[in-house]
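Next come the chains, spelled out residue by residue.
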Amino acid sequence: MSTTSPPPADDPPQDLQAASELLRALASPVRLGIVAELSSGGKYVHELVAALGVSQPLVSQHLRVLRTSRIVTARRQARETRYSLTDDHVAHIVLDAIHHAQE
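Residues numbered from 1 in each chain as written. Predicted model: local features only at pLDDT ≥ 70, side-chain atom pairs only at ≥ 80, totals over all residues. Heavy atoms only, no water.

Trainee: I'm lost on the overall build of the chain in this one. Help?
Mentor: Check the secondary structure of the chain and you find five helices and three strands. Ordering the α and β elements of the chain from the N terminus gives α-α-β-α-α-β-β-α. Considering only C-alpha atoms, the chain reaches an extent of 70 × 40 × 20 Å along its principal axes. For the chain, the proportion of its 103 residues judged to be buried stands at 26%. Working note: accessible area of the chain is about 7400 Å², and carbon and sulfur atoms make up 54% of it. Looking at the chain, you have 10 positive and 11 negative side-chain charges, and the mean spots of the two groups are 14 Å apart. (Helix = DSSP H or I, 4+ residues; strand = E, 2+ residues; numbered from the N terminus. Buried < 20%, exposed > 50% of the residue type's maximum accessible area, 1.4 Å probe, protein only. Areas by Shrake-Rupley, 256 points an atom, 1.4 Å probe, with all protein chains shown as cover. Lys, Arg positive; Asp, Glu negative; His and termini not counted. Charge placed at Lys NZ, Arg CZ, Asp CG, Glu CD.)

Structural data, given as structure tokens:
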């Protein structure tokens, strides 16, 4: 009786799944704009609204997606919340993509 190995799993490797989830979280012009704005440092919602020219509820909705994906962190300061990137790697991806699109 010979033993056979189990068939290969249909799921892609974990690192590819994680990269796919990251790119899915970035797959919005508003979210790309938020990440680009935060690449120069933390900002408050009203600063993102002014820089992006979109409504506050829309910015807040997209920040929620970015926070859930752990791309952005929030820190309460007095009566406002300051948003920052979790790490700069995502900013490089977004800024490179924007630069590439402009070529």
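Trainee: Explain the sheet that holds strand β2 (residues 72–77) here, please?
Mentor: Backbone-to-backbone hydrogen bonds join strands into a sheet, with any given pair of strands oriented parallel or antiparallel. Taken together, the three strands give an open sheet; going across it, the order is β1-β3-β2, and neighbouring strands pair in antiparallel fashion. Single-partner strands in this sheet number two, and they are β1 (43–44) and β2. Sheet topology note: the β2/strand β3 (residues 80–85) ladder contains six bridges and is antiparallel. Looking across to β3, one finds that Arg76 is bridged to Thr81. Contacting β2 and β3, helix α4 (residues 56–68) runs over the sheet at an angle of about 115° to β2. (Pairing = 2+ DSSP bridges. Contact = heavy atoms within 4.5 Å. Axes fitted to C-alpha atoms, helices over the stretch in contact; angles between N-to-C directions.)

Trainee: Could you clarify how one ought to interpret the pairing of β3 in this entry?
Mentor: Consecutive side chains of a regular strand alternate in pointing toward one face of the sheet and then the other. Burial along β3 is one-sided: Thr81, Tyr83 and Leu85 are buried, and none of Glu80, Arg82 and Ser84, which face the opposite way, are. By the bridge criterion, two bridges tie β1 to β3 in an arrangement that is antiparallel. By the bridge assignment, Tyr44 is partnered in β3 with Arg82. Between the antiparallel neighbours β2 and β3 lie two residues, among them Ala78 with a positive phi of about 60°.

Trainee: What is the right way to read unusual backbone geometry from this model?
Mentor: Note: most peptide bonds trans; most residues except glycine with negative phi. Of note, Arg70 is a non-glycine position whose phi angle comes to about 60°, a positive value. Looking at the secondary structure, you find Arg70 in the loop between α4 and β2. Residues other than glycine seldom take positive phi values, yet Ala78 does so here, at roughly 60°. Note on placement: Ala78 falls in the loop between β2 and β3. When its relative accessible area of 75% is taken as the criterion, Ala78 is described as exposed.

Trainee: Quick question: what am I supposed to make of the environment of Gly33 here?
Mentor: Tracing the backbone shows Gly33 in helix α2 (residues 29–38). Between the C-alpha atoms of Gly33 and Ile98, which are 65 residues apart in sequence, the distance is 9.5 Å.

Interpretation in functional terms is not warranted from these geometric data alone.
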